[in-house]
Amino acid sequence: MNKHLLSAADLTRDDAVAILDTAVELARVSDRTVKKLPTLRGRTVVNLFFEDSTRTRISFEAAAKRLSADVITFSAKGSSVSKGESLKDTALTLEAMGADAIVVRHGASGAPHRLAHSGWIDGVVVNAGDGTHEHPTQALLDAYTLRHHLSSDEGALDGRHVVIVGDVLHSRVARSNVLLLHTLGARVTLVAPPTLMPVGVESWPCGISYDLDAALPGADAVMMLRVQAERMNAAYFPSANEYSRRYGLDVRRSDLLADGGIVMHPGPMNRGMEITAEVADGPRSVIVEQVTNGVHVRMAVLYRLLGAADVIGEAS
Amino acid sequence: MAARTPPGVRVLDADDISRIVSRIAHEILEHAQGAHDVIVLGIQTRGVPLAQRIASRMTQIEGVPVPVGSLDITMYRDDLRLRGARPLHATEVPSEGVDGRLVVLVDDVLFSGRTVRAALDAINDIGRPRAVQLAVLVDRGHRELPLRADYVGKNIPTSRDQAVRVRIHELDGVDEVVVEG
Amino acid sequence: MTTVLRNVRPYGEDAVDITMRDGLISAIEPAGTQPAAEGIDGRGLVLLPGFVDLHTHLREPGREDAETIATGTAAAALGGFTAVHAMANTNPVADTAGVVEQVWRRGIEAGHCDVHPVGAVTVGLQGERLAELGAMADSAARVRIFSDDGVCVSDPVLMRRALEYVKAFDGVIAQHAQDPRLTEGAQMNESELSGVLGLRGWPAVAEEAIIARDLLLAQHVGSRVHICHLSTRGSVEIVRWAKERGVEVTAEVTPHHLILTEELARTYDPRYKVNPPLRTADDVEAVREGLEDGTIDVVATDHAPHAREDKDCEWAAGAFGLLGLETAFSVVFETMVATGRLDWRQLADRMSERPARIGRVIDQGRPVAVGEPASLVVVDPHATWTVDPSRSASRSANTPFLSREMRGAVVHTLLRGRPTVIDGSLAP
C-alpha cells in the first residue's frame, strides 16, 4: 500500500479489498457498548479542513477517536488559515506538533498531493476531498455500501453495474468512484449532459451516456451527484427544471434498476433537483447508511496507513 | 529456561494434541465445577479451532452445549509500530455474552504474554466476566509480562530465537507442533 | 579600446581571431594570427551574434523582491543575451514615457545588456483605452514593441486601433493570445490529463481563436502583428496559413514550450505552472517544426521570476511563469541544433537577428563581420551543466529545469566589445 491515500488510483485491488474487509470487522465494534479500540493510542491525527464539510470532518474525527488517536481539528474558519497563512506554513506548524497523519480537505485540486510530496511534512496524508480532483475515502465508503448490498460483504464487485449521474465535471466523488469501482471489477456508466462531462472522459475506464433512461435499466446501483443550481449561470444547462427532467432521479426511473438495485448519494442532496424526496427516502435508498459506513471505512484507512507508515519508518 | 529443544523435532503429533484437548476440557470442568457459566473464546487464528475442539469435548462430557467464540486481538496489539497493520479476523462472541461468566481464553502458544495481555484488554471492552482463565497448547517460556496459563498442554523449552510452528488440521491440514531454527 | 577574442568559429565555421575596437568588429583574421597571450581565449568554440530576447519580465519597478533590472540583465548576460525587451506589466505599469525611460536608464546603469522597454498597449493593462503609445515611441527609450502581456487585448476594436496607430512610428503590437472568457480560472492545458487531475482546463482554442482574429485584423488594416509565446499545433498552423497569405505576422515560442509537456502538472508543483500552459507532446513537436521552417520567427524566453512564496504553495494559488534567460540557449541547442533541425546560422537568426528586426533594434542581431557591432556570444556545444538556482544571477529560483542536466553552455558574452560574461561568470 502507498504511504499516502491521495487518489483512488493509489489503491490496488488487494489494497481496496483489504480496507473493505477491515472495515467490515470494525463495523462490528460500533455495535458494542465500548466503541473504542486502543490501536492508535499515542498517535496524532490532524484534520486539516480548508473547506467547510461538517459531514466528512465529523466522520474522520469519529474514526480517529474510535481508534484512540489524539485528534486535532484545524478548520479554516477562525484559524490562521483564513488570515492568509499559506498551506506550507500550516504544514510546518502541524509537523512541529508531531502529526502522524494529516487528513486534508482543500478547495484546490492537488493540495494533498502537494502536502505529501513537498518535503514539508513526514506524516501520512489522507485526501478528504481536493477541489474537483478526488475524494478517495468517499469512493471507499461507496464501495463498502455497494458490496454490503450486492455481494454480501466479501470479494469485490465483479460484474456489477453502477450508474453515476450528474455534474461529473466538477465532481471529485465521480473521479474517485470511477477509478475504485473499476479496480474492484464493477462496470461504471457516467451519465451527464455533455457540458458536465470532462474533456477526455472517453479514456476513463467507464462508459459514457447522455441519456439516463437508457443507462438505468438493469443497473445494480445508481449514484446521484450533487448539482449546484449556480452551474446554470455558467450555461452548463438552461434551467434547474430542464436538468431535473432530463437527469433527475424520480420513482419511475429508480424502478428501472435491477431488483434489489440501490440508490446512493454522497450528500448533501438537493432534493427536487437531482433526486426527488420520494426516492431519497424510499426503500431503495441507502443514503443514510453511506454516512454510517464512512466512519468504519475511515477507521480502516487510518489503521492501515498508520500501520504501514511505521513499518516503513522502522525499515529505513 | 536455558534449555533448548533440538530443531526439526516434532514435539506433538495429532494423537498428543487430541489427548491434550481432552485433558484440558476435563481440567476446565473440574475447576469450574461444571459447564453452566463457561464460555470458551479462541484467540485468532489457531486458538479458534482449538477452542472449538475443547468446547465440543466439554459438551460431550457434560451433555450441555458449551458456548464457543473467537477473539481477534489485532487492534489491541502494542506492536503496530513494529509490525504494521495486519488483516483483521472475526470476533464472534456467543449470544450469551461474557458478562458474569467464566471466560476461558484459548491460544496455541504462550510466549511473551503480549497476545494474552491484548486479549484481556479486548475482553474488557466487550463486557465484564466473572473470571478469565487461559488455556494454551504449548508454553515455550520467555514471558515478558507477569502472566501464566491455567491449563498447559505441554511445556517446551526453547531458546528465544527458535520458532514453534503449530499446525492445526482445520487451517493447515495436519495436527502437529514442530520446533524450528 | 581594443579587445581580442582568439580562436572562435563564427556560426561554427572556420576558426578566427576577432579584434574589436570602439564597440565594433575591426578585424577578422585566421586563428593564430593574434598572440596567444592576448585577449580572451575562445578555445575553438562557436561564435554567434549576441542573443536578443523579445520577452523578458524584469519585475522592476514593483516586485524588486522577485527580480530587478540589475539581476535580470545579469541573468540575461549569463544566458548569452546582449539585449532584452522588458515587459510592461510592472507596478506602476510601463504605460507612460516616464516609466519606460526609467527602465531604459536603469538598464544602462546596470550595464549587463541593453534593455528595451516594451510599452503597454492600454492604460494600466486594463484593456479599456490606449496608452500614450506615441509618447513612449518618441521617448529616450524609443519603444517599438507594445504589449499588454499577461493580459490579452481581447476587445477587437481596441486591438484594431492599436494595430493601426503604431504604424505611425513603425511599432508592433505583441499580442498575448488568450481569450479571457474561455480561460476563466484555467490552470493547465485542457486535455484528458486536466480532466483526470481535476484542474480547470485551458483550451488550445482560447489561444488559436485570438491569433486567427488578430491575423485577419492585421491583414485588414495592413499592420504588422507579433504573436507572443504561441504554444499549440493549431496556432502554428494558423500562423503558417497567414504567412502564406502575406500577412505581416511574426511569432515567438518559449524555450519551455519547446521541451516540456503538460505531464509535469501531475506533480501539482506550481514550478511548472505557466501562461500559456505547457501543452502536449504533439504541440511540442509542432512548435519545433514551426521554428525549424520559420513559421515561428524567434525564441523568446518569457523569463518570469516569482518570489518563493508565490510558488511554494498549492497549484491553484501559484503564480504563472518561470525563469528562462539562463537556460534558453541550452534548451534551443538540445531541441533544435543537436537534433539537426537548425544549423548555427539559423540559430543566430531565431535568437538574435530576427528578434532584433522585430523590435527595430538597429545595433543588435547583426552579422559577425568587420564594421558590425561587437555584441557577441561564445557557446560551447559540448559542455554539460546542472541547473542550480544558487548559482543563478536571478533573484528568483522558479526554474522548471531544477537539477536537470543541460547540454550546451554559454561561455563568453560581449556587449559592444566589452565582456559581460567571461568563462561562464559575470565579468568584473
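Computed from a predicted structure; not experimentally measured. Residue positions within a chain follow its written sequence, with the count starting from 1. As they are written, the chains are lettered A onward and the ligands numbered 1 onward, keeping that order. pLDDT decides what is reported in this predicted model: residues at 70 or higher carry local features, side-chain atom pairs at 80 or more are listed and counted, and totals for whole chains, interfaces and linings draw on all residues regardless.

**Q** Could you give an account of the overall build of chain C, naming the residues involved and the relevant values?
**A** Strands here are runs of E lasting at least two residues and helices are runs of H or I lasting at least four, both read from the DSSP assignment and numbered beginning at the N terminus. Secondary structure assignment for chain C yields 10 helices and 18 strands. At 20 Å, chain C has a C-alpha radius of gyration in line with the 22 Å of a compact globule built from 428 residues. Overall size of chain C, expressed as C-alpha extent along the three principal axes, is 65 × 45 × 45 Å. Values of the radius of gyration come from C-alpha atoms, whereas the globule rule sets the reference at 2.2 Å times the count of residues to the power 0.38.

**Q** Describe the domain arrangement of chain A, naming the residues involved and giving the relevant values.
**A** Residue and element names in this part refer to chain A. An automatic or database domain assignment provides the domain bounds reported here. Entries for chain A in the domain assignment read domain 1 (8-135 + 291-315) and domain 2 (139-286). A C-alpha centroid distance of 26 Å is found between domain 1 and domain 2. Opposite the 21 residues of domain 1 that make contact, domain 2 presents 19 residues. Elements represented by at least two residues in the side of domain 1 that touches domain 2 include exactly helix 1 (13-29), strand 4 (124-130) and helix 11 (287-315). At seven residues, helix 1 tops the list of elements feeding residues into the side of domain 1 that touches domain 2. Contact between residues is assigned whenever the C-beta positions, reconstructed from backbone atoms, fall within 7 Å.

**Q** Outline the interface of chain C and chain A, supporting the account with residue identities and numerical values.
**A** In this assembly, 17 residues from chain C lie in contact with 21 residues from chain A. For the side of chain C that touches chain A, the element with the most residues is helix 5 (residues 192-197) of chain C, which contributes four residues. Residue composition of the side of chain C that touches chain A, grouped by class: seven nonpolar, five polar and five charged. Amino acids outside the nonpolar list (Ala, Val, Leu, Ile, Met, Phe, Trp, Tyr, Cys, Pro) and the charged list (Asp, Glu, Lys, Arg) are all regarded as polar, and Gly is one of them.

**Q** Report on the interface of chain B and chain A, specifying residues and quantitative values.
**A** Listed as interface residues are 16 residues of chain B and, on the opposing side, 17 residues of chain A. Looking at the side of chain B that touches chain A residue by residue, the class counts come to nine nonpolar, two polar and five charged.

**Q** Give me the lowdown on the sheet that holds strand 7 (residues 163-167) of chain B, citing residues and values where you can.
**A** Residues and elements named next belong to chain B. Reading across the sheet, the three strands line up as 1-8-7 and stay open at both edges, with antiparallel pairing between neighbours. The open sheet has two edge strands, strand 1 (10-12) and strand 7, and neither has a second partner. Adjacent strand axes in the sheet meet at a mean angle of 30°, parallel and antiparallel pairs treated alike. Here, a strand pair is defined by DSSP locating no fewer than two bridges between the strands. Two elements, strand 7 and strand 8 (residues 176-180), share five bridges in a ladder whose sense is antiparallel. Following the sheet pairing, R167 is matched in strand 8 by E176. Where helices are involved, their axes are fitted lines through C-alpha atoms of the stretch in contact, as for all axes, and angles between N-to-C directions lie from 0 to 180°.

**Q** How would you summarise the sheet that holds strand 2 (residues 16-21) of chain C if you had to cite specific residues and measurements?
**A** Residues and elements named next belong to chain C. Pairing in this open sheet of eight strands is mixed, and the strands run 3-2-1-4-15-16-17-18 from one edge to the other. Of all the strands in the sheet, the pair left with one neighbour each is strand 3 (24-30) and strand 18 (425-426). The pairing of strand 2 with strand 3 spans six bridges and is antiparallel. Within strand 3, the residue paired with R21 across the bridge is L24. Helix-sheet contacts for helix 9 (residues 328-337) involve strand 15 (376-386) and strand 16 (405-415), and the interaxial angle to strand 16 is about 125°.

**Q** I'd like to hear about unusual backbone geometry, residue by residue, with values.
**A** A cis amide bond links G267 of chain A with the next residue in sequence, P268 of chain A, at an omega value of -10°. You can see P268 of chain A is positioned in the loop between strand 9 (262-264) and helix 10 (277-280). Even without being a glycine, Q33 of chain B presents a positive backbone phi close to 50°. Mapped onto the fold, Q33 of chain B is located in the loop between helix 1 (14-32) and strand 2 (38-43).

**Q** Would you mind going over the packing of helix 1 of chain B against helix 2 (residues 47-62) of chain B in detail, with residue names and values included?
**A** All names here are of chain B. The N-to-C vectors of helix 1 and helix 2 enclose an angle of 60°; their axes lie 9 Å apart at closest approach. Taken together, the axes of helix 1 and helix 2 lie oblique to each other. For the element pair helix 1 and helix 2, the recorded crossing hand is right-handed. Within the contact between the two elements, helix 1 uses V21, S22, I24, A25, H26, I28 and L29 and helix 2 uses R53, I54, R57, M58, I61 and E62. To sort the angles, those under 35 degrees are grouped as roughly parallel, those over 145 as roughly antiparallel, those from 65 to 115 as roughly perpendicular, and the leftovers as oblique. Crossings are assigned a handedness: left-handed for a near helix turned anticlockwise from the far helix by less than a right angle, right-handed for a clockwise turn.

**Q** Describe in detail the pairing of strand 17 (residues 418-422) of chain C, supporting the description with residues and values.
**A** A regular strand places its side chains so that they alternate between the two faces of the sheet. Residue and element names in this part refer to chain C. Looking at chain direction, strand 16 and strand 17 are connected through three bridges and run antiparallel. Within the sheet, the bridge partner assigned to T413 lies in strand 17 and is V421. Hairpin connection, strand 16 to strand 17: the antiparallel pair is bridged by two residues, and R416 has positive phi, about 50°. Relative to strand 18, strand 17 runs antiparallel, the two sharing two bridges. By the bridge assignment for strand 18, V421 is matched with L426. Turn length for the strand 17-strand 18 hairpin, with the two strands adjacent in sequence and antiparallel, is two residues, and the turn residue D423 shows positive phi of about 50°.

**Q** Give me the environment of V332 of chain C: which residues, what numbers.
**A** All names here are of chain C. With respect to the element layout, V332 can be found in helix 9. With C-beta atoms placed from the backbone, a residue counts as buried when 20 or more other C-beta atoms lie within 10 Å of its own, as exposed when 12 or fewer do, and as partly exposed for counts between those limits. Taking the C-beta count within 10 Å as the criterion, V332 has 23 such neighbours and is therefore assigned buried. C-alpha separation for the pair V332 and V172, spaced 160 residues apart in sequence, amounts to 25 Å. Apart from the residues lying within four places of it in its own chain, the contact partners of V332 are P255, L258, V299, V337, L347 and M351.

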